[in-house]
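# Summary of the model geometry
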Amino acid sequence: MKGLVSGIKRMEIHDGDGLRTTVFLKGCPLKCIWCHNPESISFSVQTAYFKEKCLHCGTCGDKHTAETALSCPVNAIVTYGTEYEAYELVETVMQDEAFFRAGNGGVTLSGGECLAQPDFAVELARLFHEKRISVYIDTCGFVPRETLKRILPYTDKFLYDVKAVDPAVHRACTGQDNAIIIDNLRFLSKMGAAIEIRIPLVVGYNDMEIPAIADLLKDIPCISKVKVLKYHNFAASRYEALGMENTLPPALTTSEDVQKAVDILASRGLNAVNGVTSD
Ligand code: SF4
Ligand code: SF4
């Protein structure tokens, strides 16, 4: 079983509990305007050219491809998307076994949307689960119910994004409706899954949705924590390097904005915290 991976991050402390290795699967059904992993949206291999790093040495002959990336002396050409067999990826990640055992962590499958490569994600989760490694699934929830059912037995916790309750706001920010996302969240809770909610807070785009999100979440059991994530624009240069339109909102979220959202969520009885995004 093969899959396409855009990156592997070791010793991660923001993608779930303990010390974790995060595997980013390539491809996402949403297109959030604030996406901080633009290299994870496309389901294909992509090559990026970071012009600010280029020394104009001429080695690549001004051709920015997967082949010339290997000869660039300063990594100004980067290829996103490596094909792995599931067992091969598990072997690579298991090199850090001692760290996540000592750090009470495990593996987080993220993306993009990891469940948009359902067979690969389920196989990875199954193999890690077999080795008694904690498996967290970081998902936007915009996935078929069948996929959730398949991954559920191998999942220790879902890190579940909620971005808006109003469908019009959700469509404007992500390009997709949110009915399936809310239904899937209720389904996971009904199945007794452990769930941590993540809310990326982008002022002017979804901050007005916080009271409605709080009202939605307060009636869903199984949610242990709600993390409000501060929007940042660190990915701006990656949009340009990938030749993608930079859709990142200009106004950054402040710590005060996050605290305000946390207070609203906490006032509805939710265990709301100020979170940090990994990048
Ligand atoms: S090989 Fe790298 S540094 Fe040299 S010209 Fe090409 S992109 Fe620039
Ligand atoms: S769900 Fe995540 S990976 Fe997908 S577009 Fe939105 S922010 Fe990017």
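The rules behind the values
Residues numbered from 1 in each chain as written. Chains lettered and ligands numbered in written order. Predicted model: local features only at pLDDT ≥ 70, side-chain atom pairs only at ≥ 80, totals over all residues. Helix = DSSP H or I, 4+ residues; strand = E, 2+ residues; numbered from the N terminus. Rg over C-alpha atoms; globule rule 2.2 N^0.38 Å. Contact = placed C-beta atoms within 7 Å. Buried ≥ 20, exposed ≤ 12 C-beta atoms within 10 Å, placed from the backbone. Arc of directions from axis to C-beta. Pairing = 2+ DSSP bridges. Axes fitted to C-alpha atoms, helices over the stretch in contact; angles between N-to-C directions. Near = placed C-beta within 6 Å. Nonpolar A, V, L, I, M, F, W, Y, C, P; charged D, E, K, R; others polar. Core = buried A, V, L, I, M, F, W, Y, C linked by C-beta atoms within 7 Å. Domains from an automatic or database assignment.

Quick look at the overall build of the protein chain now. Summing up its helical and strand segments, the protein chain has 10 helices and 11 strands in all. Against the compact-globule benchmark of 19 Å for 279 residues, the protein chain has a radius of gyration of 19 Å, which places it among compact chains. Judged by the C-alpha coordinates and their principal axes, the protein chain covers about 60 × 45 × 35 Å. Residue pairs at least 24 apart in sequence account for 72% of intrachain contacts in the protein chain once pairs closer than 6 positions are excluded.

In this section: helix 8 (residues 210–218). Taken as a whole, helix 8 has its buried residues at Ile210, Ile213, Ala214 and Leu217. Here the buried residues of helix 8 occupy an arc of 100° about the axis, which is enough to place them on one side. Of the surrounding secondary structure, the elements contacted by the buried residues of helix 8 are strand 9 (195–201), strand 10 (223–230) and helix 10 (255–267).

Quick look at the sheet that holds strand 2 (residues 20–25) now. A sheet is described by the order of its strands in space; here 9 strands give the open sequence 5-1-2-6-7-8-9-10-11, paired in mixed fashion. If you trace the sheet from one side to the other, it starts and ends with strand 5 (82–85) and strand 11 (272–275), each paired once. Averaged over all pairs of adjacent strands, the angle between their axes in this sheet comes to 30°, without regard to strand direction. Across 7 bridges, the pairing between strand 9 and strand 10 is parallel. Opposite Pro200, over in strand 10, you have Leu229 as the bridge partner.

Attention now goes to the site of ligand 2. Surveying the vicinity of ligand 2 reveals the residues Cys28, Leu30, Lys31, Cys32, Cys35, Asn37, Ser40, Ile41, Gly111, Gly112, Glu113 and Cys140. Looking at side-chain class alone, the shell around ligand 2 contains 6 nonpolar, 4 polar and 2 charged residues.

On to helix 6 (residues 167–174). Those residues of helix 6 lying buried are His170, Cys173 and Thr174. Down the axis, helix 6 shows its buried residues gathered within 75° of arc, on one side only. Directly beyond the C-terminal end of helix 6, a positive phi value near 85° is found at Gly175.

A separate point is the nonpolar core. Counting residues in hydrophobic clusters, the biggest one holds 71 residues, and the most contacted among them are Leu109, Ala121 and Leu124. Among the elements that take part in this core, helix 4 (residues 118–130) stands out by supplying 7 residues, more than any other. Core analysis: the second largest hydrophobic core is formed by 7 residues, Ala48, Ala76, Ala241 and Leu242 among them.

With that out of the way, let us pick up the domain arrangement of the protein chain. For the protein chain, the domain assignment lists domain 1 (2–44 + 81–275) and domain 2 (46–80). Between domain 1 and domain 2, the C-alpha centre-to-centre distance is 30 Å. Looking at the side of domain 1 that touches domain 2 element by element, the count peaks at 4 residues for helix 9 (residues 236–242). Looking at side-chain class alone, the side of domain 1 that touches domain 2 contains 2 nonpolar, 5 polar and 2 charged residues.

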